[in-house]
Amino acid sequence: MVYGIIAEGKSDLAVITNVLKGLKGVDSADINYCVPELDYDETDLSQMPSEAYSSWSVVKKHCLEKTLIRDFFDSPLDEECCLIIQIDSEERTLIGYDVHEPPKENTELYFTTVRENIILKIKEWLSESFDNLYFAITIEEVESWILPLYFKGKKDTGCFINVKDKFLKEANKNIDKKDRKHL
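What comes next is a walk through the structure. Computed from a predicted model, the values in this text were never measured in an experiment.

## With respect to the pairing of strand β1 (residues 2-6)
Alright, step 1. Of all five residues that make up β1, five are buried, and the element is covered over most of its length.
Alright, step 2. Alternating residues of β1 divide into V2, G4 and I6 and Y3 and I5, and every residue in both groups is buried.
Alright, step 3. Here β1 runs beside strand β2 (residues 31-35); their pairing, made up of four bridges, is parallel. When the sheet's bridge partners are listed, Y3 is paired in β2 with I31.
Alright, step 4. Handedness of the β-α-β unit built from β1, helix α1 (residues 10-24) and β2 comes out right-handed.

Structure representation (structure tokens):
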């Protein structure tokens with residue numbers, strides 16, 4: 001099986017890669033990083049707007065155009081292909097993303113509804129169905145996926161106002177002071 005990934009960023013690719021390796025035993029050679037490309041270095045990135053290498057709007061663009069998706073599924077490989085589309089829910093209320101915001105009264109229902117609404121939006125962008133298409137919806141951002149590994153308190157990351165800041169605080173507790181400047 002060959003896995004393709006269209007994601008918002010490199011950290012999202014890293015998390016999905018590790019999930020695939022850990023849960024499915026997938027080898028890195030069987031993963032095709034469609035978006036963003038991993039070949040960009042810091043010089044390339046400093047000269048490009050973030051939209052050029054990936055963001056929710058780039059994920060949307062590829063869903064609307066479908067060229068990259070069709071090319072992935074139509075590859076001449078004899079192996080079965082599976083495509084994962086990753087997108088954060090953090091920007092879901094922005095113009096162009098436009099995902100309905102459910103009430104936050106019931107946290108579990110809230111997360112499920114946000115995920116379902118985003119999947120519906122992606123399917124709307126695609127305007128056609130594809131076999132072996134999966135969705136990795138990050139509620140709110142990728143740091144919310146890995147925060148429970150560091151935070152010894154609540155495992156429900158939806159209770160934090162700024163998940164990224166909480167993750168950095170918790171992760172920094174486990175890092176030597178000399179290495180903290182890199183986070």
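What follows picks up the thread again.
## A word on the side chain of H62
Alright, step 1. The residue H62 is located in helix α4 (residues 56-65) in this model.
Alright, step 2. With a relative accessible area of 13%, H62 lands in the buried category.

## Observations concerning the pattern of salt bridges
Alright, step 1. If you walk through the whole model with that rule in mind, you get three salt bridges.
Alright, step 2. Across the salt bridge formed by E101 and R92, the nearest N and O atoms sit 2.7 Å from each other.
Alright, step 3. E124 is the partner of K121 in a salt bridge, and the nearest nitrogen-oxygen pair spans 3.4 Å. Taken as a pair, K121 and E124 lie in helix α6 (residues 107-126) at a separation of three residues, close to a single helical turn.

## Points about the nonpolar core
Alright, step 1. Of all hydrophobic cores here, the largest spans 28 residues; its most connected members are L83, I85, I87, I118, I122 and I137.
Alright, step 2. When contributions to this core are tallied by element, the ones reaching two or more residues are β1, β2, α4, α5 (67-73), β3 (81-88), α6 and β4 (133-138).
Alright, step 3. The leading source of residues in this core is α6, at seven residues.
Alright, step 4. Listed in part, the eleven residues of the second largest apolar core include A7, L20, I31 and I84.

What counts and how
Residues numbered from 1 in each chain as written. Predicted model: local features only at pLDDT ≥ 70, side-chain atom pairs only at ≥ 80, totals over all residues. Heavy atoms only, no water. Buried < 20%, exposed > 50% of the residue type's maximum accessible area, 1.4 Å probe, protein only. Helix = DSSP H or I, 4+ residues; strand = E, 2+ residues; numbered from the N terminus. Pairing = 2+ DSSP bridges. Right-handed = clockwise from strand over helix to strand, strands pointing away. Salt bridge = Lys/Arg side-chain N within 4 Å of Asp/Glu carboxyl O. Core = buried A, V, L, I, M, F, W, Y, C linked by side-chain atoms within 4.5 Å.

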